[in-house]
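Read off the chains here:
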Amino acid sequence: MAEAGSDTLPDEFTNPIVLKNGCYENPWKGFKFPGLGGLLKFIFISKDNSNIPKSQELDKTLPVEKPDFARLNNPPPNDIQVTWIGHASVLVQFDGLTVLTDPIFSQRASMSQWFGPKRFRPIPCEVKELPNINIVVISHTHYDHLDHGSVQQLNERFGKDLAWYVPKGTKQWMTNVGCENVTELTWWEESVFPKNTDVKLVCTPCQHWCKRNLIDTNKALWGSWIVKGPKHSFYFAGDTAYCEGFEQIGRKYGPFSFAAIPIGAYEPRNFMKNQHVNPEEAVQIHEDIKAENSLGIHWGTFKLTTEHYLEPRSKLTEELKNKNIPISSFFTLPHGRVHVIGKDKLSCDE
Ligand SMILES: [Zn+2]
Ligand SMILES: [Zn+2]
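About the cut-offs
- Residues numbered from 1 in each chain as written.
- Chains lettered and ligands numbered in written order.
- Predicted model: local features only at pLDDT ≥ 70, side-chain atom pairs only at ≥ 80, totals over all residues.
- Heavy atoms only, no water.
- Donors = N, O, S within 2.8 Å, 3.2 Å for Na, K, Ca; no water.
- Tetrahedral: all angles 85-135°; square planar, octahedral: opposite > 155°, others 65-115°.
- Helix = DSSP H or I, 4+ residues; strand = E, 2+ residues; numbered from the N terminus.
- Buried < 20%, exposed > 50% of the residue type's maximum accessible area, 1.4 Å probe, protein only.
- Core = buried A, V, L, I, M, F, W, Y, C linked by side-chain atoms within 4.5 Å.
- Contact = heavy atoms within 4.5 Å.
- Pairing = 2+ DSSP bridges.
- Axes fitted to C-alpha atoms, helices over the stretch in contact; angles between N-to-C directions.

Chemist: Describe the coordination of the zinc ion (ligand 1), with residues and values.
Modeler: Taken together, His-140 (NE2), His-142 (ND1), His-208 (NE2) and Asp-239 (OD) make up the full set of protein donors to the zinc ion (ligand 1), lying 2.1 to 2.4 Å away. In this structure, the zinc ion (ligand 1) is surrounded by 4 donor atoms whose angles at the metal cover 90 to 170°, and the resulting shape is irregular. Each donor residue of the zinc ion (ligand 1) belongs to the same chain, and together they define the spacing H-x1-H-x65-H-x30-D. A gap of 3.7 Å separates the zinc ion (ligand 1) and the zinc ion (ligand 2), which Asp-239 links by coordinating each metal. Here His-140 is found in the loop between strand 6 (135–137) and helix 4 (148–158), whereas its partner His-208 is found in the loop between strand 10 (200–204) and strand 11 (224–228), with 68 residues between them in sequence. Accessibility assignment for this pair places His-140 and His-208 in one class, buried.

Chemist: Could you give me a rundown of the nonpolar core, with the residues and numbers involved?
Modeler: With 68 residues, the main nonpolar core has Val-227, Phe-234, Tyr-235, Phe-258, Ile-289 and Leu-295 as its most contacted residues. The biggest single contributor to this core is strand 13 (residues 258–262), with 4 residues. In this view, Val-227 contacts Phe-94, Leu-97, Val-99, Val-137, Val-199, Lys-200, Leu-201, His-232, Ser-233 and Phe-234; residues no more than four positions away in its chain are not counted. In terms of nonpolar packing, the next biggest core, distinct from the first, is built from 23 residues, Leu-91, Cys-125, Leu-130 and Val-151 among them.

Chemist: With reference to specific residues and values, describe the sheet that holds strand 3 (residues 81–86).
Modeler: With mixed pairing, the 7 strands of this open sheet are ordered in space as 8-7-6-5-4-3-16. Taken across any chain shown, the strands that pair with only one partner, and hence form the sheet edges, are strand 8 (182–185) and strand 16 (338–340). Here the average twist between neighbouring strands, direction ignored, is 20°.

Written out as structure tokens, the structure reads:
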């Protein structure tokens, strides 16, 4: 059972995060941290079915578009405009806000730009080309979600005008990089956005873990995020396995006008199921949180696992059809495409 601590909140919706000896633990039923045996099997035995082809073929299967900057700089006032930068980086514009999630513009998701997973699809634009960003939310400290170079560039460009929201335990890292306007929250904790008090941010649960070096495993918290405006609400699932937290999030804060939910990096299942959802589970999250529209993220950019590189998209469509959910309500986008929800036709994967 959870050890009572400063991070435990007594609330009917709360699955208290467990803090034991300075390390966070998932409170979910049946959670098991992947062991060394599973890791070695993943590295040495698992068959790699990713089959990532040469860039000429990738240009057809996963096209990267230059964003329409005129639209990015003049988002529609009443709608939700979304642009997939790649991986878990999404630009979401609604209620006069521009929100960026887990920004990664670097070539590699790693502690060094000399080794580690390299992107197989280029960035659609650079930090200097982005529109004015008001809020960045960070889900956790893994290198494919918290990228030093990108944080540095965003901070250089926007300084204290940019509000950063991070799960508990990551503020110091942000401050060390130079970010001044950083808010650190634990699960179920809410914060009013100072520049517009009609906007609220909430750090919400998920099932994952944190690590950047040999000695910091789970010393920082992981989480998902809600950005709730006066007209629309956005849910960012971050990086997660499936857990009962999503049904609670749906009950407490749903429905959401828009959600970004991971669909990739899930094979081999025996090793990945405690840290990453597969497309079937992503659709379950979409239903649990009562999302009106969702974008599939965390795929098609870095090769992290062994499933075929296009399988997340095809399995997503398959699962939506199985469940009789309109495929336009949980969609994918080409990198860089600027899409207004409900207004622009989806040409991708229909
Ligand atoms: Zn992660
Ligand atoms: Zn990830």
